[in-house]
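A structural walkthrough
What follows is the residue order along each chain.
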Amino acid sequence: MSISFLFNNSDNIPLSALKTINLKKDLIRSLTIGGENTIPNLSKETGYSIPTVTKLIGELLEEGIIHDFGKIDTTGGRRPSSYGINPNAFYFLGVEVTRTAVTIGLQSADNKNVKISENILYSLENNRESLDKLCDIINFFIDESEVPRKKIIGACINLTGRINSREGFSYSFFYFEEKPLSSIIESKIRVKTYIENDSRAMTYGEYNCGVVKNEQEVLFVNISWGLGMGIICKGGLYYGKSGYSGEFGHAPLFDNDILCQCGKKGCLETEVSGWALERKIKEKLRSGATSVLSKNKNIDSININQIISAVVDHEDVLAIEVLEEMGEKLGRYLAMLVNIFNPELVIIGGTLAAVSDYLQLPVQTALKRYSLNLVNQDVRFKTSKLGDKAGVVGACYIVRDRFFGLI
(Lines give C-alpha, C1' and ligand atoms only; values in the text may rest on other atoms or scores of the structure.)
Protein backbone atom coordinates (compact mmCIF):
# COMPACT_ATOMS: atom_id res chain seq x y z
CA MET A 1 0.00 0.00 0.00
CA SER A 2 1.62 3.27 -1.09
CA ILE A 3 1.63 6.40 1.03
CA SER A 4 -0.57 8.21 -1.49
CA PHE A 5 -3.19 5.47 -1.24
CA LEU A 6 -3.04 5.56 2.56
CA PHE A 7 -3.60 9.32 2.78
CA ASN A 8 -6.18 9.71 0.02
CA ASN A 9 -9.22 7.67 0.99
CA SER A 10 -11.80 7.13 -1.72
CA ASP A 11 -15.46 6.17 -1.71
CA ASN A 12 -14.52 3.39 -4.12
CA ILE A 13 -12.31 1.59 -1.61
CA PRO A 14 -13.80 -1.69 -0.31
CA LEU A 15 -14.93 -1.54 3.33
CA SER A 16 -12.38 -4.14 4.42
CA ALA A 17 -9.52 -2.15 2.90
CA LEU A 18 -10.92 1.12 4.28
CA LYS A 19 -11.00 -0.39 7.77
CA THR A 20 -7.33 -1.36 7.45
CA ILE A 21 -6.46 2.16 6.27
CA ASN A 22 -8.22 3.72 9.27
CA LEU A 23 -6.50 1.33 11.68
CA LYS A 24 -3.13 2.22 10.19
CA LYS A 25 -3.97 5.89 10.32
CA ASP A 26 -4.63 5.61 14.07
CA LEU A 27 -1.23 4.01 14.58
CA ILE A 28 0.48 6.62 12.42
CA ARG A 29 -1.27 9.39 14.37
CA SER A 30 -0.06 7.95 17.67
CA LEU A 31 3.54 7.67 16.45
CA THR A 32 3.53 11.07 14.72
CA ILE A 33 2.21 12.98 17.72
CA GLY A 34 3.49 10.86 20.60
CA GLY A 35 6.82 9.72 19.19
CA GLU A 36 8.44 6.30 19.35
CA ASN A 37 6.47 3.55 21.05
CA THR A 38 6.20 -0.21 21.58
CA ILE A 39 3.49 -2.57 20.36
CA PRO A 40 2.06 -3.19 23.87
CA ASN A 41 1.78 0.57 24.50
CA LEU A 42 0.27 1.19 21.06
CA SER A 43 -2.27 -1.53 21.79
CA LYS A 44 -3.27 0.24 25.01
CA GLU A 45 -3.47 3.66 23.35
CA THR A 46 -5.51 2.59 20.33
CA GLY A 47 -7.59 -0.14 21.93
CA TYR A 48 -6.60 -2.64 19.23
CA SER A 49 -5.41 -6.13 20.13
CA ILE A 50 -1.70 -6.89 20.21
CA PRO A 51 -1.98 -9.34 17.26
CA THR A 52 -3.76 -6.66 15.19
CA VAL A 53 -1.19 -3.98 16.06
CA THR A 54 1.67 -6.43 15.37
CA LYS A 55 0.27 -7.22 11.92
CA LEU A 56 -0.28 -3.56 11.00
CA ILE A 57 3.15 -2.53 12.29
CA GLY A 58 4.68 -5.20 10.07
CA GLU A 59 2.86 -3.82 7.03
CA LEU A 60 3.81 -0.23 7.85
CA LEU A 61 7.45 -1.32 8.13
CA GLU A 62 7.29 -2.93 4.67
CA GLU A 63 5.68 0.22 3.24
CA GLY A 64 8.48 2.36 4.67
CA ILE A 65 6.13 4.54 6.70
CA ILE A 66 7.68 3.60 10.05
CA HIS A 67 11.09 2.44 11.29
CA ASP A 68 12.13 -0.16 13.84
CA PHE A 69 14.43 1.67 16.27
CA GLY A 70 15.55 -1.51 18.03
CA LYS A 71 15.04 -3.07 21.43
CA ILE A 72 14.53 -0.97 24.54
CA ASP A 73 15.60 -1.77 28.09
CA THR A 74 13.01 -3.03 30.56
CA THR A 75 13.08 -3.99 34.23
CA GLY A 76 12.62 -7.63 33.31
CA GLY A 77 11.28 -10.04 30.73
CA ARG A 78 11.52 -9.82 26.98
CA ARG A 79 12.81 -6.54 25.58
CA PRO A 80 10.24 -4.98 23.21
CA SER A 81 11.10 -3.14 20.01
CA SER A 82 10.45 0.57 19.68
CA TYR A 83 8.81 1.86 16.50
CA GLY A 84 8.64 5.39 15.13
CA ILE A 85 7.65 7.37 12.07
CA ASN A 86 9.98 7.46 9.08
CA PRO A 87 10.69 11.22 8.81
CA ASN A 88 10.60 10.98 5.00
CA ALA A 89 7.31 9.10 4.79
CA PHE A 90 5.15 12.21 4.41
CA TYR A 91 5.25 15.99 4.86
CA PHE A 92 3.14 18.99 5.84
CA LEU A 93 3.33 22.33 4.00
CA GLY A 94 2.76 25.72 5.66
CA VAL A 95 2.44 29.07 3.84
CA GLU A 96 2.36 32.47 5.60
CA VAL A 97 1.15 35.31 3.36
CA THR A 98 1.72 38.94 4.37
CA ARG A 99 1.23 42.20 2.49
CA THR A 100 4.76 42.17 1.07
CA ALA A 101 6.15 38.64 1.37
CA VAL A 102 5.50 34.92 1.56
CA THR A 103 7.20 32.47 3.91
CA ILE A 104 6.90 28.75 3.14
CA GLY A 105 7.90 25.81 5.28
CA LEU A 106 7.95 22.04 4.89
CA GLN A 107 7.65 19.88 7.98
CA SER A 108 8.55 16.19 8.02
CA ALA A 109 6.45 13.39 9.50
CA ASP A 110 8.44 13.55 12.75
CA ASN A 111 7.52 17.24 13.20
CA LYS A 112 10.88 18.64 12.13
CA ASN A 113 11.24 21.68 9.86
CA VAL A 114 13.16 20.42 6.83
CA LYS A 115 12.99 23.51 4.63
CA ILE A 116 11.86 27.10 5.19
CA SER A 117 12.07 29.90 2.63
CA GLU A 118 11.49 33.24 4.33
CA ASN A 119 10.35 36.60 3.01
CA ILE A 120 9.90 35.74 -0.66
CA LEU A 121 8.96 39.03 -2.29
CA TYR A 122 5.25 39.21 -3.02
CA SER A 123 2.51 41.83 -3.19
CA LEU A 124 -0.80 40.75 -1.66
CA GLU A 125 -3.51 42.34 -3.75
CA ASN A 126 -7.13 41.35 -4.10
CA ASN A 127 -7.02 40.22 -7.71
CA ARG A 128 -6.55 37.01 -9.70
CA GLU A 129 -3.03 37.94 -10.78
CA SER A 130 -1.92 38.09 -7.14
CA LEU A 131 -3.54 34.71 -6.45
CA ASP A 132 -1.85 33.15 -9.48
CA LYS A 133 1.50 34.57 -8.36
CA LEU A 134 1.01 33.06 -4.89
CA CYS A 135 0.33 29.64 -6.40
CA ASP A 136 3.39 29.99 -8.64
CA ILE A 137 5.55 30.70 -5.58
CA ILE A 138 4.19 27.63 -3.80
CA ASN A 139 4.69 25.39 -6.82
CA PHE A 140 8.27 26.63 -7.27
CA PHE A 141 9.02 25.95 -3.61
CA ILE A 142 7.66 22.39 -3.86
CA ASP A 143 9.64 21.71 -7.02
CA GLU A 144 12.84 23.08 -5.48
CA SER A 145 12.36 21.11 -2.26
CA GLU A 146 12.86 17.82 -4.13
CA VAL A 147 10.12 16.27 -1.97
CA PRO A 148 7.70 14.25 -4.13
CA ARG A 149 4.42 16.14 -4.32
CA LYS A 150 2.47 12.95 -3.56
CA LYS A 151 4.19 12.79 -0.16
CA ILE A 152 2.84 16.21 0.89
CA ILE A 153 -0.44 15.27 2.54
CA GLY A 154 -1.66 18.84 2.94
CA ALA A 155 -0.94 22.57 2.75
CA CYS A 156 -2.26 25.34 4.99
CA ILE A 157 -2.33 28.89 3.62
CA ASN A 158 -2.44 31.68 6.23
CA LEU A 159 -4.14 34.94 5.28
CA THR A 160 -5.13 37.98 7.27
CA GLY A 161 -8.77 38.94 7.67
CA ARG A 162 -12.03 37.04 7.82
CA ILE A 163 -11.36 33.37 7.15
CA ASN A 164 -13.89 30.56 7.31
CA SER A 165 -11.36 27.77 7.73
CA ARG A 166 -14.01 25.06 8.02
CA GLU A 167 -15.46 25.85 4.58
CA GLY A 168 -12.22 27.12 3.03
CA PHE A 169 -13.39 30.67 2.25
CA SER A 170 -11.52 33.96 2.62
CA TYR A 171 -13.84 36.95 2.69
CA SER A 172 -11.01 39.49 2.79
CA PHE A 173 -8.90 38.31 -0.16
CA PHE A 174 -9.52 36.37 -3.37
CA TYR A 175 -13.29 36.05 -2.92
CA PHE A 176 -14.09 36.09 -6.64
CA GLU A 177 -16.67 33.32 -6.86
CA GLU A 178 -18.89 31.06 -4.78
CA LYS A 179 -16.18 28.45 -4.61
CA PRO A 180 -13.89 27.84 -1.63
CA LEU A 181 -10.50 29.48 -1.99
CA SER A 182 -9.00 26.28 -0.59
CA SER A 183 -10.40 24.35 -3.58
CA ILE A 184 -9.12 26.94 -6.07
CA ILE A 185 -5.59 26.84 -4.67
CA GLU A 186 -5.72 23.05 -4.35
CA SER A 187 -6.42 22.72 -8.06
CA LYS A 188 -3.40 24.91 -8.84
CA ILE A 189 -0.83 23.33 -6.51
CA ARG A 190 -2.21 19.75 -6.61
CA VAL A 191 -2.01 19.31 -2.84
CA LYS A 192 -4.89 19.08 -0.35
CA THR A 193 -5.31 22.67 0.87
CA TYR A 194 -6.65 24.40 3.98
CA ILE A 195 -7.09 28.13 4.60
CA GLU A 196 -6.45 29.65 8.02
CA ASN A 197 -6.40 33.05 9.71
CA ASP A 198 -2.80 34.20 10.24
CA SER A 199 -3.15 35.03 13.94
CA ARG A 200 -4.72 31.67 14.68
CA ALA A 201 -1.94 29.81 12.86
CA MET A 202 0.72 31.79 14.74
CA THR A 203 -1.00 30.89 17.99
CA TYR A 204 -0.93 27.20 17.11
CA GLY A 205 2.75 27.37 16.25
CA GLU A 206 3.60 28.82 19.64
CA TYR A 207 1.31 26.31 21.34
CA ASN A 208 2.98 23.29 19.75
CA CYS A 209 6.65 24.23 19.83
CA GLY A 210 7.02 27.82 21.02
CA VAL A 211 6.79 29.57 24.39
CA VAL A 212 3.71 27.64 25.53
CA LYS A 213 4.65 24.85 27.91
CA ASN A 214 1.71 23.27 29.72
CA GLU A 215 -0.68 26.22 29.58
CA GLN A 216 -4.16 25.39 28.31
CA GLU A 217 -5.71 28.90 28.33
CA VAL A 218 -3.72 31.27 26.13
CA LEU A 219 -4.21 34.62 24.38
CA PHE A 220 -1.84 35.37 21.48
CA VAL A 221 -1.74 39.01 20.34
CA ASN A 222 -0.56 39.41 16.75
CA ILE A 223 0.49 43.01 16.24
CA SER A 224 1.75 43.30 12.69
CA TRP A 225 0.26 45.46 9.93
CA GLY A 226 -3.07 44.92 11.64
CA LEU A 227 -4.05 43.67 15.09
CA GLY A 228 -5.41 40.17 15.59
CA MET A 229 -5.70 37.54 18.26
CA GLY A 230 -5.54 33.77 18.53
CA ILE A 231 -7.13 31.93 21.44
CA ILE A 232 -6.28 28.59 22.99
CA CYS A 233 -9.15 27.35 25.18
CA LYS A 234 -8.94 24.09 27.13
CA GLY A 235 -5.89 23.11 25.11
CA GLY A 236 -7.43 23.62 21.66
CA LEU A 237 -7.80 26.39 19.10
CA TYR A 238 -10.93 28.42 19.72
CA TYR A 239 -12.81 29.30 16.52
CA GLY A 240 -16.20 30.48 17.77
CA LYS A 241 -19.55 29.64 16.23
CA SER A 242 -18.75 30.81 12.69
CA GLY A 243 -14.97 30.55 12.86
CA TYR A 244 -14.24 34.27 13.13
CA SER A 245 -13.03 34.53 16.73
CA GLY A 246 -10.09 36.75 17.58
CA GLU A 247 -11.01 39.96 15.75
CA PHE A 248 -9.60 41.97 18.65
CA GLY A 249 -8.40 44.80 16.42
CA HIS A 250 -11.90 45.62 15.27
CA ALA A 251 -13.33 46.40 18.70
CA PRO A 252 -15.00 49.86 18.32
CA LEU A 253 -13.20 51.63 21.16
CA PHE A 254 -12.29 55.10 19.86
CA ASP A 255 -14.20 58.14 18.72
CA ASN A 256 -11.37 59.16 16.41
CA ASP A 257 -13.24 59.17 13.09
CA ILE A 258 -10.39 57.17 11.47
CA LEU A 259 -11.59 54.71 8.86
CA CYS A 260 -10.34 51.21 9.64
CA GLN A 261 -9.40 48.65 7.01
CA CYS A 262 -12.60 46.78 7.89
CA GLY A 263 -14.66 49.75 6.68
CA LYS A 264 -15.78 50.96 10.12
CA LYS A 265 -14.45 53.84 12.22
CA GLY A 266 -12.80 53.96 15.61
CA CYS A 267 -11.52 50.37 15.78
CA LEU A 268 -8.69 49.54 18.19
CA GLU A 269 -6.57 48.79 15.12
CA THR A 270 -6.74 52.46 14.08
CA GLU A 271 -4.64 53.30 17.16
CA VAL A 272 -2.73 50.06 17.79
CA SER A 273 -1.25 48.34 14.73
CA GLY A 274 1.56 48.56 12.22
CA TRP A 275 -0.37 50.84 9.90
CA ALA A 276 -1.36 53.05 12.85
CA LEU A 277 2.31 53.27 13.84
CA GLU A 278 3.28 54.33 10.33
CA ARG A 279 0.53 56.94 10.26
CA LYS A 280 1.44 58.41 13.66
CA ILE A 281 5.17 58.59 12.88
CA LYS A 282 4.54 60.31 9.55
CA GLU A 283 2.15 62.81 11.14
CA LYS A 284 4.71 63.76 13.78
CA LEU A 285 7.52 64.08 11.22
CA ARG A 286 5.36 66.37 9.08
CA SER A 287 4.72 68.46 12.19
CA GLY A 288 8.46 68.98 12.65
CA ALA A 289 9.41 66.23 15.10
CA THR A 290 13.01 65.06 14.93
CA SER A 291 14.04 61.46 14.45
CA VAL A 292 16.65 59.33 12.72
CA LEU A 293 13.83 58.82 10.23
CA SER A 294 13.94 62.53 9.41
CA LYS A 295 16.83 61.92 7.00
CA ASN A 296 14.33 60.19 4.74
CA LYS A 297 13.25 63.00 2.43
CA ASN A 298 10.18 61.08 1.28
CA ILE A 299 8.15 60.73 4.48
CA ASP A 300 5.44 58.78 2.67
CA SER A 301 7.90 55.98 1.91
CA ILE A 302 8.69 55.26 5.58
CA ASN A 303 7.57 51.73 6.51
CA ILE A 304 7.27 49.48 9.56
CA ASN A 305 10.66 47.84 9.05
CA GLN A 306 12.41 51.21 9.01
CA ILE A 307 10.61 52.23 12.20
CA ILE A 308 11.59 48.98 13.92
CA SER A 309 15.20 49.53 12.85
CA ALA A 310 15.07 53.08 14.23
CA VAL A 311 14.02 51.66 17.61
CA VAL A 312 16.21 48.56 17.79
CA ASP A 313 19.38 49.95 16.17
CA HIS A 314 19.22 53.63 17.13
CA GLU A 315 16.89 53.86 20.17
CA ASP A 316 15.00 56.59 18.34
CA VAL A 317 13.16 58.70 20.92
CA LEU A 318 10.23 59.63 18.68
CA ALA A 319 9.50 56.05 17.63
CA ILE A 320 9.87 54.80 21.22
CA GLU A 321 7.40 57.43 22.46
CA VAL A 322 4.81 56.41 19.89
CA LEU A 323 5.30 52.73 20.71
CA GLU A 324 4.90 53.39 24.43
CA GLU A 325 1.65 55.22 23.75
CA MET A 326 0.42 52.31 21.64
CA GLY A 327 1.55 49.82 24.28
CA GLU A 328 -0.42 51.61 26.97
CA LYS A 329 -3.60 51.50 24.86
CA LEU A 330 -3.05 47.86 23.95
CA GLY A 331 -2.48 46.90 27.59
CA ARG A 332 -5.56 48.80 28.73
CA TYR A 333 -7.90 46.95 26.40
CA LEU A 334 -6.06 43.67 26.77
CA ALA A 335 -6.85 43.98 30.48
CA MET A 336 -10.52 43.78 29.54
CA LEU A 337 -9.94 40.42 27.86
CA VAL A 338 -7.81 39.17 30.74
CA ASN A 339 -10.69 39.98 33.10
CA ILE A 340 -13.09 38.09 30.83
CA PHE A 341 -10.99 35.04 29.89
CA ASN A 342 -8.69 34.71 32.94
CA PRO A 343 -5.89 33.17 30.80
CA GLU A 344 -2.74 31.49 32.06
CA LEU A 345 -0.55 33.10 29.43
CA VAL A 346 -0.56 36.16 27.16
CA ILE A 347 1.87 36.15 24.23
CA ILE A 348 2.88 39.17 22.18
CA GLY A 349 3.85 38.21 18.64
CA GLY A 350 3.84 39.54 15.11
CA THR A 351 6.09 42.01 13.34
CA LEU A 352 6.15 44.65 16.09
CA ALA A 353 7.17 42.13 18.73
CA ALA A 354 10.69 42.72 17.37
CA VAL A 355 10.89 46.01 19.32
CA SER A 356 10.82 43.91 22.48
CA ASP A 357 10.53 45.81 25.79
CA TYR A 358 9.77 49.13 24.14
CA LEU A 359 6.29 47.79 23.45
CA GLN A 360 5.94 44.98 25.95
CA LEU A 361 6.74 46.90 29.14
CA PRO A 362 4.02 49.55 28.64
CA VAL A 363 1.61 46.75 27.69
CA GLN A 364 2.38 44.86 30.90
CA THR A 365 2.19 47.99 33.05
CA ALA A 366 -1.20 48.98 31.67
CA LEU A 367 -2.49 45.41 31.82
CA LYS A 368 -1.68 45.19 35.54
CA ARG A 369 -3.11 48.64 36.20
CA TYR A 370 -6.46 47.98 34.55
CA SER A 371 -7.06 44.27 35.16
CA LEU A 372 -8.35 42.80 38.42
CA ASN A 373 -5.66 41.85 40.91
CA LEU A 374 -7.16 38.42 41.53
CA VAL A 375 -7.02 37.78 37.79
CA ASN A 376 -3.68 39.24 36.73
CA GLN A 377 -1.65 37.65 39.52
CA ASP A 378 -1.95 34.28 37.77
CA VAL A 379 -1.33 35.37 34.19
CA ARG A 380 2.15 35.13 32.67
CA PHE A 381 3.37 37.38 29.90
CA LYS A 382 5.79 36.24 27.19
CA THR A 383 7.12 37.19 23.78
CA SER A 384 6.76 34.91 20.77
CA LYS A 385 9.64 32.43 20.58
CA LEU A 386 9.14 31.53 16.92
CA GLY A 387 9.01 35.13 15.68
CA ASP A 388 8.45 35.39 11.92
CA LYS A 389 8.28 31.59 11.66
CA ALA A 390 5.30 31.23 14.03
CA GLY A 391 2.71 31.34 11.26
CA VAL A 392 4.34 28.86 8.90
CA VAL A 393 5.16 26.44 11.73
CA GLY A 394 1.61 26.71 13.03
CA ALA A 395 0.25 26.09 9.54
CA CYS A 396 2.18 22.80 9.34
CA TYR A 397 0.76 21.66 12.66
CA ILE A 398 -2.73 22.64 11.53
CA VAL A 399 -2.35 20.42 8.45
CA ARG A 400 -1.15 17.57 10.64
CA ASP A 401 -3.95 17.85 13.17
CA ARG A 402 -6.69 18.42 10.59
CA PHE A 403 -5.57 15.31 8.77
CA PHE A 404 -5.68 13.29 11.97
CA GLY A 405 -9.04 14.79 12.97
CA LEU A 406 -7.73 16.56 16.07
CA ILE A 407 -9.02 20.04 15.15
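Above this note sits the structure.
Residues numbered from 1 in each chain as written. Predicted model: local features only at pLDDT ≥ 70, side-chain atom pairs only at ≥ 80, totals over all residues. Heavy atoms only, no water.

**So, the sheet that holds strand E4 (residues 101-108)**
To keep things clear, this is the line we draw: Following DSSP output, two strands are said to pair if at least two bridges run between them. Labels follow the DSSP assignment, with helices taken as runs of H or I lasting at least four residues and strands as runs of E lasting at least two, numbered in each case from the N terminus. Only the contacting stretch of a helix is used when fitting its axis, a line to C-alpha atoms as for every element, and angles between N-to-C directions run 0 to 180 degrees. Contact between two residues is taken to exist if any of their heavy atoms lie within 4.5 Å; hydrogens are not considered.
Judged by pairing direction, the sheet is mixed, and its five strands sit side by side in the order E5-E4-E3-E6-E9 without closing on themselves. Looking at the sheet topology across the chains shown, the edges are occupied by strand E5 (113-121) and strand E9 (193-197). Each neighbouring strand pair of the sheet contributes to a mean axis angle of 15°, computed without reference to strand direction. The sheet contact formed by strand E6 (residues 152-159) and E9 spans five bridges and is parallel. Among the inter-strand pairings, Asn 158 is bridged to a residue of E9, identified as Glu 196. Of the strands in this sheet, strand E3 (91-97), E4, E5 and E6 are in contact with helix H5 (residues 128-145), which crosses E4 at around 35°. Packing against the sheet, helix H13 (residues 390-403) makes contact with E3, E4, E5, E6 and E9, and its axis sits at approximately 135° to E3.

**Some thoughts on the sheet that holds strand E10 (residues 218-223)**
Taken together, five strands build an open sheet; the order of strands is E12-E11-E10-E13-E14 and the sheet is mixed. Each edge of the sheet is formed by a strand with only one pairing partner; in this case those strands are strand E12 (236-237) and strand E14 (380-383). Note: E10 against strand E11 (residues 227-233), six bridges, orientation antiparallel. Paired with Asn 222 across the strands is Gly 228, a residue of E11. Across the sheet, helix H7 (residues 198-209) lies against E10, E11, E12 and strand E13 (345-349), angled at about 45° from E11, the strand it touches most. The strands touched by helix H11 (residues 357-370) within the sheet are E10, E13 and E14, with E14 carrying the most contacts at an inclination of about 165°.

None of the figures reported here should be taken as evidence of function without further support.
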